[in-house]
Amino acid sequence: MEQLSAKYNPTEVEDKWYAWWLDHKFFHSEPSDKEPYTIVIPPPNVTGILHMGHVLNNTLNDVLIRKARMDGKNACWVPGTDHASIATESKVVAKLKEAGISKESLTREEFLKYAWEWKEEHGGIILKQLRKLGASCDWDRTKFTMDPDLSEAVINTFVYFYKKGLIYKGVRMVNWDPEGLTAVSDEEVVHKDTKSHFYHLKYYISDGNGNPTDKFLVIATTRPETIMADAAICVNPADERHHWLRGKKVLIPLINREIPVIEDDYVEMDFGTGCLKVTPAHDVHDYEIGLRHNLPVLEIIDDHGKLNEKAQILVGEDRFVARKKIVKMLEGAGNLVKVEEYTSPVGYSERTNAVIEPRLSAQWFLKMDALAEKALETVESGKTRLIPDKYRNTYRHWMENVRDWCISRQLWWGQRIPAWYLPDGKIVVEPNAEEALKAARKINPSLKAEDLRQDEDVLDTWFSSWLWPISVFDPERPGHPEHAPNADLSYYYPTNDLVTGPDILFFWVARMIMAGNEFMEKEPFHNVYLTGIVRDKIGRKMSKTLGNSPDPLDLIAKYGADAVRIGMLLCSSAGNDIFYDESQVEQGRNFCNKIWNSYRLIKSFEVDEDAPHKEAAAVAVKWFDARLSQVIETVEDHYSKFRISDALMAIYKLFWDDFCSWYLEAIKPGFVNGVAEKIDRKTYDATLRFFDSLLRMIHPVMPFISEELWQNMEERAEGETIMYAPTPKAGKYDPAFIENFEIAEETINGIRGLRNSKNLPPKEFLTVRFKGDFPEEMIPVVAKLSNASLEKAEDFKDEAGAGFMVRTIEFFVPLKGLVNVEEEIAKIEKDLEYQHRFLDSVRKKLANEQFTAHAPAAVVENERKKEADSLSKIESLSAQLNALKNNK
RNA sequence: GGGCGCAUAGCUCAGUCGGUUCAGAGCACCUGCCUUACAAGCAGGGGGUCGACAGUUCGAAUCUGCCUGCGCCCACCA
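These figures come from a predicted structure and were not determined experimentally.

A. Region of interest: the protein's contact with RNA strand B. Lining the immediate surroundings of RNA strand B are 58 residues, of which Val-284, Tyr-342, Phe-671, Tyr-834 and Lys-866 lie closest. Among all atoms of RNA strand B positioned within 4 Å of the protein, those belonging to sugar or phosphate total 56%. One of the side-chain N or O atoms of Gln-835 is found 3.3 Å from a base oxygen in RNA strand B. In terms of residue count, the dominant contributor to the surface near RNA strand B is helix α18 (residues 582-604) (9 residues). Taken together, the residues that form the surface near RNA strand B break down as 21 nonpolar, 21 polar and 16 charged.

Here is the structure:
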């Protein structure tokens, strides 16, 4: 790039350097004697595509990993994908349906063949997209939760917990997803307030022979389509209104089946009518009442959510259609008393959004109590830190109220449960069919392989991803805590930081902690940084269905990956939601351009070896050297507290304000007769050194432009990259010098402001006189940046002009005839008035004995200094005022 | 219904130990500039009763209580 264009053009730069990094295997890590720094990626769905949430998450991960790499650690970021059983299976089913193939017409093996083909073809697109973002993952280590060895780890884990007695099979009320045709865990059910109706229905008392009498009771229900499955009517034993019902039987409307009236404390007397219809097969609480009272369980809704023949009526109708129809029928039969509008929480499947049907079925469960207790301790003791801290409360609450984890799913895509049924119903759990047969023969020696039938279900996806931080390094380990960890696992585990969304804190993070405790006896990560959710400008969650999410690849193409990365991070403090707006990315792009142009300026400098090191430049160099160290300290402090956006903002301001606006302007050679002056060697070398440090500071968040410019600065050795250039270290610096430079900045601003208000063009040279403790070493800088000379004066009472103050230093610009004296007088009078008010308040404070007695000495001392400063300001302002009035 | 958290400039947020002229930053906005790196820029400027009320204190954005509004998590009163 001989000729640098006036604007930064990211596209080719990014592709070029990413390919080069890959080529040189810079992302790859092997165990070494260096300190490791490890991150495992939160594995995205293998079928997923990159969305803004991924951008946020993976940019943060990349910033941390690149920073660690430059800090000299052996950084390893393991990428991979998750098989996402329900999501993927439903995508495959949908695709087959398009091709006219129904899942039911296929065998398990045929279906899985399609699924794998589909995965090979479309899976992992997201990993390719991450490269566009600049993610420095160790791609050689890419894993998939259904890789053969990782699947084996899952199976071994199941066998391990089963043999330990923590996994059991039980008939339970589960959350049935009639669309996904599988049970889902409690955590995968989203409760949403849903408008429905409260139907009040008459149940007539039976005469004992199945005939209705004229007496009746009224129940209230939201689900009239389930009345055919009623097993009883239940009232509270303390409810006197219903004591006449004791021992009575009632008839279910429409089908006239006789059911008893029972009593149970569960029923709330003041809710509804105080009479509850008990439907054990289709409601969790009813099921429990049924157990207590030995009620029969009659299931009338099938897998697909349709009424079956046991319902007697409306057979084959979908539950919601049936609801509408049965209301009409009940009305016709005179059983409908009234209908109320009613809003109640209804469970929906997180994956398919189908209304969950509570359903009785045999499922596999993992006992959670002991695991949760340990996992709670891991966080409470601080072995794993949650950032921000507020999530600790939420975490504790969940861990203390956890229920057993339903780990079976009625799907094909996933790890099949390694349980085999013997003909007599006994179960053996072994890692594979051969072992199972061996175990079965111990029970019954005559058994053959074909006598065993493997469980049809697969395991919940989280049952594989909870092993992720272990199994990506050593798949042999889960389920075999007695095995010595391999070299990778012993080196990289525990990982350092995990960046993920709070929505999967329990699904995933908590369970990884459990698995880590169980199989490694060590937490899987030290810090969990929880990001917010990316929302649009008006606060809506970004989603495909709303169409309010930009395609990150489009953004990258338009603005560049660096711009997208910093734009995203500048406004994202930990745990807070991000309100995304394209203007943030624009800001990122503008910053790239600023960096680019500052480099163009530096590159345009021509060095004159004989040129003297000018005073202004010398001061600027000394100052920026100090300032750089100061900001490095700040930035490191922010990073250590995971205040990433603060760290970036500090770098942003260092680059833009301190380096470009002050430093470069101070050292920039001028023009003599239209010809650029040359720069001296010392200043030039210092500038390059500073620029090099700045690029290194910015590299973790803006990897591409930093590499591009760093490589362009000088001839680099083959394979030398900014990726491994060390993070700049803070040196010793003099804060007083920085403070003095700040006074110079304020002075310059004062002069510029004066020019602005008095319409004095920048080119007109000014003589500025000052009175007070102005740090005189800064005079050359002020002169250079404000086109003025500074002179110390004893007195400037007798001149006409305009003035300003910086702290307690007075400045005055003689401007005979150029100023409006009245205006100046008014301005000074206003200042004086403010000073008097301020002085009063300070004196009032000092006069308060309570204050001087109780406040720390330093605070009181400070008030006294304020008083003195104010007095001196008042004195000089008054003097100026008098002078102006006298000269009038 | 239970628990947790938040409320500071038009927007997104800092504000660490209660004390500096403490009311801040970035963006947005307004004014003037196409000045030899950058108009994706430069220079300057306006803008807030720190959600309300009460209290503790010499002193409160900061601590306490209560109220209002919002968010999140948990919980199937059918």
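Okay, back to it.
B. Molecular detail of the pairing of strand β32 (residues 801-806). Where burial is concerned, most of β32 is hidden: 5 out of the 6 residues are buried. Where β32 lies against strand β33 (residues 809-814), 6 bridges are found, and the strand directions are antiparallel. For Phe-804, the partnering residue across the bridge sits in β33 and is Phe-811. Here β32 hands over to β33 after 2 residues, with Arg-807 in that stretch at a positive phi of 55°.

C. Structural context of the pattern of salt bridges. One pass over the structure, following the stated rule, counts 59 salt bridges. For Lys-25, the salt bridge identified is with Asp-140, shortest N-O distance 3.2 Å. Note that Lys-25 is positioned in the loop between α1 (10-23) and β1 (36-40) and Asp-140 in the loop between α5 (125-133) and β4 (143-144), a separation of 115 residues in sequence. Looking at Asp-140, the relative accessible area reads 47%, which means it is partly exposed. The partner of Glu-435 in a salt bridge is Lys-438, and the shortest N-O contact between them spans 3.7 Å. Taken together, the residues span about one helical turn, with Glu-435 and Lys-438 both in helix α11 (residues 433-443) at a distance of 3 residues. Overall, Glu-435 belongs to the partly exposed group, its relative accessible area being 31%. You can call Lys-438 exposed: its relative accessible area is 53%. Each member of the salt-bridge network shares a partner with another, and the members are Arg-223, Glu-225, Arg-319, Arg-323 and Glu-357.

What counts as what
Residues numbered from 1 in each chain as written. Chains lettered and ligands numbered in written order. Predicted model: local features only at pLDDT ≥ 70, side-chain atom pairs only at ≥ 80, totals over all residues. Heavy atoms only, no water. Near = heavy atom within 4 Å. Polar contact = N/O pair within 3.5 Å; in protein donor to acceptor, adjacent residues only side chain to side chain. Helix = DSSP H or I, 4+ residues; strand = E, 2+ residues; numbered from the N terminus. Nonpolar A, V, L, I, M, F, W, Y, C, P; charged D, E, K, R; others polar. Buried < 20%, exposed > 50% of the residue type's maximum accessible area, 1.4 Å probe, protein only. Pairing = 2+ DSSP bridges. Salt bridge = Lys/Arg side-chain N within 4 Å of Asp/Glu carboxyl O.

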